[in-house]
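# Architecture and fold: a report
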Amino acid sequence: MPAPSRSKILTQEKSTTITDVRVIVSSPGRNFVTVKIVTESGIYGVGDATVNGREMAVATYLKEHVAPCLIGRNAHQIEDIWQYLYKGVYWRKGPINMACIAAVDMALWDIKGKVAGLPVYELLGGKSRRGVTVYAHATGDTVSDTLDRAGALIDQGFKAIRLQTSVPGLEGSYGVLGDKKDYFEQQSSRPLPPEQPWSTRKYMNSIEDLFREARARFGDDIAFTHDVHSRLTPIEAARLGKILEPYDLLFLEDAVAAENQDSYRIIREHTTTPLAIGEIYNTIWDCKEMIQNQWIDYIRTAATHAGGITGLRRIAEFAALFHVRIAPHGAPDLSPICHAAQAHLDLWAPNFGVQEYVGFGTEISNQVFSYDLSIQDGMIFVGDTPGLGVDFNEEAAADHPYKRSYLPVSRLEDGTLWSW
Ligand code: CS2
Ligand code: MG
């Protein structure tokens, strides 16, 4: 077939020349930062840049420093634009910078799919599975409440469940909703960082009950995960891993805050409980050491926090060399755009493990975000809409203005500042 004439390529470039970059901060139930990249032809793409509790930092960075550099560029040049924004900034990496690159990247993949008339998973290499297996969240003030919630999820067909429950004697344990109806409501009422107490001793003295009773009630087929949320030291995490070995977890998440990746070597030397980490990582460099040393089993980087589809694809390919599977973060502070981007990537990735799932949104956020995603029998199914299959209603978003909201801060019972 003859190569397209220069004029045809130019026509393409003209039609996909970026003419506008819009950054919208809205709060349909909780704050989100959305990027909309518009091309000469009118085709546009959307991306998620939400960094929970620092939304305005991201929005300003995008408006002031990223958007001007994109006008006039060819939206098809996803990789070149990624490299331009990553290397061209000089001050590389970091959560704010990488969330901006991520949102632009998602929007460009969305545009490319729309121009090609294909869903993004086809552009990545097609489906490697029929659907995306997820793990849902079961949480409660008591072990019994948590397991009742888990039972309801199992009845809905979920095959993997994250279990979190209150720590007896502590006010406000991580991952427990208390009197709030969902995570959105829980976060929306935080105009200043609430302070939550932590006691490793109280936690370690109670956590085994949750999994012993879960296995007794549900048997061995259900996969359970648990999120420690970076609160232990390496040797404490090693002990927790050994305590939980009889209950055969799918993975123990964020056992230790891992700026020092070598911490995971210590945990690994003591326990066979699978380990997962990565939701706050921003680049492959943050997790390179622990992947190549096989100190972890799942890497949980999120499209919004680790450079978009392009960033996640690089991490997935590297992780596959070391038997590490991807288990992308899927928290309520990622927008449906991120959930969709990850679902497309999960469908393609040969080393996909499991996707965190807390729902794609609520009745309010669904007024702003629409998406070609469904959940059935514990799996996400991605439609064949070209691009990411998501849309963002700017008019509806304007009805839900941003309102500052923080993540909590944690302190030990003696007042020492701790990881939340
Ligand atoms: C949690 C997150 O879902 C998880 O694994 O670690 O919900 C985390 O607490 C939030 O993303 C913080 O914004
Ligand atoms: Mg987590």
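One can find the structure itself at the top, above this paragraph.
Described in the following lines is the structure provided in the data block. (Residues numbered from 1 in each chain as written. Chains lettered and ligands numbered in written order. Predicted model: local features only at pLDDT ≥ 70, side-chain atom pairs only at ≥ 80, totals over all residues. Heavy atoms only, no water.)

### A look at the overall build of the protein
What counts here: Counting from the N terminus, the helices are the DSSP runs of H or I reaching at least four residues and the strands are the DSSP runs of E reaching at least two. Values of the radius of gyration come from C-alpha atoms, whereas the globule rule sets the reference at 2.2 Å times the count of residues to the power 0.38. Buried, partly exposed and exposed residues are distinguished by accessible area as a fraction of the type maximum, computed with a 1.4 Å probe on protein chains only: under 20%, between the cut-offs, and over 50%, respectively. Contact between two residues is taken to exist if any of their heavy atoms lie within 4.5 Å; hydrogens are not considered. Within this scheme the basic residues Lys and Arg register as positive and the acidic residues Asp and Glu register as negative, but His and the chain ends are omitted. Note on charges: their place is set at NZ of Lys, CZ of Arg, CG of Asp or CD of Glu.
In terms of helices and strands, the protein carries 15 helices and 18 strands. Taken over C-alpha atoms, the radius of gyration comes to 21 Å for the protein, in line with the 22 Å a tight globule of 420 residues would show. Across the 420 residues of the protein, 56% fall into the buried class. For the protein, restricting intrachain contacts to residue pairs at least 6 apart in sequence, the fraction spanning at least 24 positions comes to 72%. For the protein, the distance from the average site of its 41 positive side-chain charges to the average site of its 52 negative ones is 4 Å.

### Focus: the sheet that holds strand E6 (residues 195-198)
We apply this condition: Note: two strands are recorded as paired if DSSP finds a minimum of 2 bridges between them.
Taken together, the 3 strands give an open sheet; going across it, the order is E6-E17-E18, and neighbouring strands pair in mixed fashion. The strands lining the two open edges of the sheet, one partner per strand, are E6 and strand E18 (417-418). Two elements, E6 and strand E17 (residues 409-412), share 4 bridges in a ladder whose sense is parallel. Residue pairing across strands places Gln196 opposite Ser410, the latter belonging to E17.

### Observations concerning helix H10 (residues 234-244)
Those residues of H10 not exposed but buried are Pro234, Ala237, Ala238, Leu240, Gly241, Ile243 and Leu244. Its buried side turned inward, H10 meets helix H8 (200-204), helix H9 (207-218), strand E8 (251-253) and helix H11 (263-270).

### Some thoughts on the coordination of the magnesium ion (ligand 2)
For the record, the criterion: Because water is not among the atoms used, a metal site may look incomplete, as its donors are only the N, O and S atoms within 2.8 Å, or 3.2 Å for Na, K and Ca.
Coordination of the magnesium ion (ligand 2) by the protein is provided by Asp227 (OD), Glu253 (OE) and Glu279 (OE), with metal-donor distances spanning 2.0 to 2.2 Å. Written as a sequence motif, the donor arrangement for the magnesium ion (ligand 2) is D-x25-E-x25-E. Residue Glu253 is located in strand E8, and its partner Glu279 is located in the loop between strand E9 (275-277) and helix H12 (288-292); the two are separated by 26 residues in the primary sequence. Glu253 gets classed as buried once you look at its relative accessible area, which sits at 0%.

### Quick look at the environment of Asp179
Within the secondary structure, Asp179 is located in the loop between strand E5 (160-165) and helix H7 (183-188). Expressed as a C-alpha distance, the spacing of Asp179 and Asp141, which sit 38 residues apart in the sequence, is 9.5 Å.

### So, helix H13 (residues 308-320)
Here is the rule: Residue count minus one, scaled by 1.5 Å, sets the expected span of a helix.
Taking 1.5 Å per residue as the helical rise, H13 with its 13 residues ought to reach 18 Å, and the 18 Å between its terminal C-alpha atoms agrees with that figure. Buried within H13 we find Gly308, Ile309, Thr310, Gly311, Leu312, Ile315, Ala316, Phe318 and Ala319.

### A few points about the packing of H13 against helix H14 (residues 336-348)
Selection rule: Here an angle of 0 to 180 degrees is reported between the N-to-C directions of two axes, which are lines fitted to C-alpha atoms, with helices fitted over the stretch in contact. Here is the rule for angles: anything less than 35 degrees is roughly parallel, anything more than 145 is roughly antiparallel, 65 through 115 is roughly perpendicular, and the remaining ranges are oblique. Handedness of a crossing follows from how the near helix is turned relative to the far one, being left-handed for an anticlockwise turn of less than a right angle and right-handed for a clockwise one. Under the convention adopted here, Pro, Cys and the residues Ala, Val, Leu, Ile, Met, Phe, Trp and Tyr are nonpolar, Asp, Glu, Lys and Arg are charged, and Gly plus all remaining residues are polar.
At a minimum axis separation of 11 Å, H13 and H14 run at an interaxial angle of 30°. The pairing of H13 with H14 is recorded here as roughly parallel in orientation. As for how H13 packs across H14, the hand of that crossing is right-handed. Between H13 and H14, the contacting residues are Ile309, Leu312, Arg313, Ala316 and Glu317 on the first element and Ala341, Gln342, Leu345 and Trp348 on the second. Its residues assigned to classes, the contact of H13 with H14 comprises 6 nonpolar, 1 polar and 2 charged.

### Here's the deal with the packing of helix H2 (residues 55-70) against helix H4 (residues 95-116)
Where H2 meets H4, the axes come as close as 10 Å, and the angle between the chain directions of the two elements is 55°. Classified by the angle between their axes, H2 and H4 sit oblique to one another. Considering how the two elements wind past one another, H2 and H4 form a crossing that is right-handed. Within the contact between the two elements, H2 uses Ala57, Val58, Tyr61, Leu62, Val66 and Leu70 and H4 uses Ile96, Asn97, Ala99, Cys100 and Val104. Of the residues contributing to the contact of H2 with H4, the split by class is 10 nonpolar, 1 polar and no charged.

### Focus: the sheet that holds strand E1 (residues 18-26)
If you trace the 3 strands from one edge of the open sheet to the other, you get E1-E2-E3, paired in antiparallel fashion. Of all the strands in the sheet, just E1 and strand E3 (44-48) have a single pairing partner and so form its edges. Averaged over all adjacent pairs, the angle separating strand axes in this sheet is 20°, with direction ignored. The strands touched by H4 are E1, strand E2 (32-39) and E3; relative to E3, the strand with the most contacts, the crossing angle is about 145°.

### Overview of the site of ligand 1
Short version of the rule: Any residue with a non-hydrogen atom lying within 4 Å of a molecule or strand is treated as near it. N or O atoms closer than or at 3.5 Å make up a polar contact, with two conditions inside protein: a donor-capable atom paired with an acceptor-capable one, and, for residues adjacent in sequence, both atoms drawn from side chains.
Around ligand 1 lies a shell of 15 residues, among which Asn52, His229, Glu279, Asp333 and Glu356 are the nearest. The separation between an oxygen atom of ligand 1 and a polar side-chain atom of Asn52 is 2.9 Å. Take Glu279: an N or O atom from its side chain is 2.5 Å from an oxygen atom of ligand 1. Looking at the shell around ligand 1 residue by residue, the classes come out as 4 nonpolar, 4 polar and 7 charged.

### Notes on unusual backbone geometry
Phi at Lys93 takes a positive value of approximately 70°, unusual for a residue other than glycine. Here Lys93 is to be found in the loop between helix H3 (78-87) and H4. Positive phi values are uncommon outside glycine, yet Asp254 reaches one of about 45°. Inspection of the secondary structure puts Asp254 in the loop between E8 and H11.

### Considerations on the pattern of salt bridges
The cut-off we apply is this: Only one rule defines a salt bridge in this text: a Lys or Arg side-chain nitrogen within 4 Å of an Asp or Glu carboxyl oxygen.
Scanning the entire structure with this criterion turns up 20 salt bridges. Among the ionic pairs, Lys36 bridges to Glu394, the shortest N-O distance being 3.1 Å. In this pair, Lys36 is assigned in strand E2 and Glu394 in helix H15 (residues 394-398), connecting sequence segments 358 residues apart. Considered together, Lys36 and Glu394 belong to a single accessibility category, that of buried residues. Notably, a salt bridge pairs Arg265 with Asp262, separated by 2.8 Å at the nearest N-O pair. Judged by relative accessible area, Arg265 falls into the partly exposed class, the value being 29%. When salt bridges with common partners are traced through the structure, they connect Asp20, Arg22, Lys36 and Glu394 into a single cluster.

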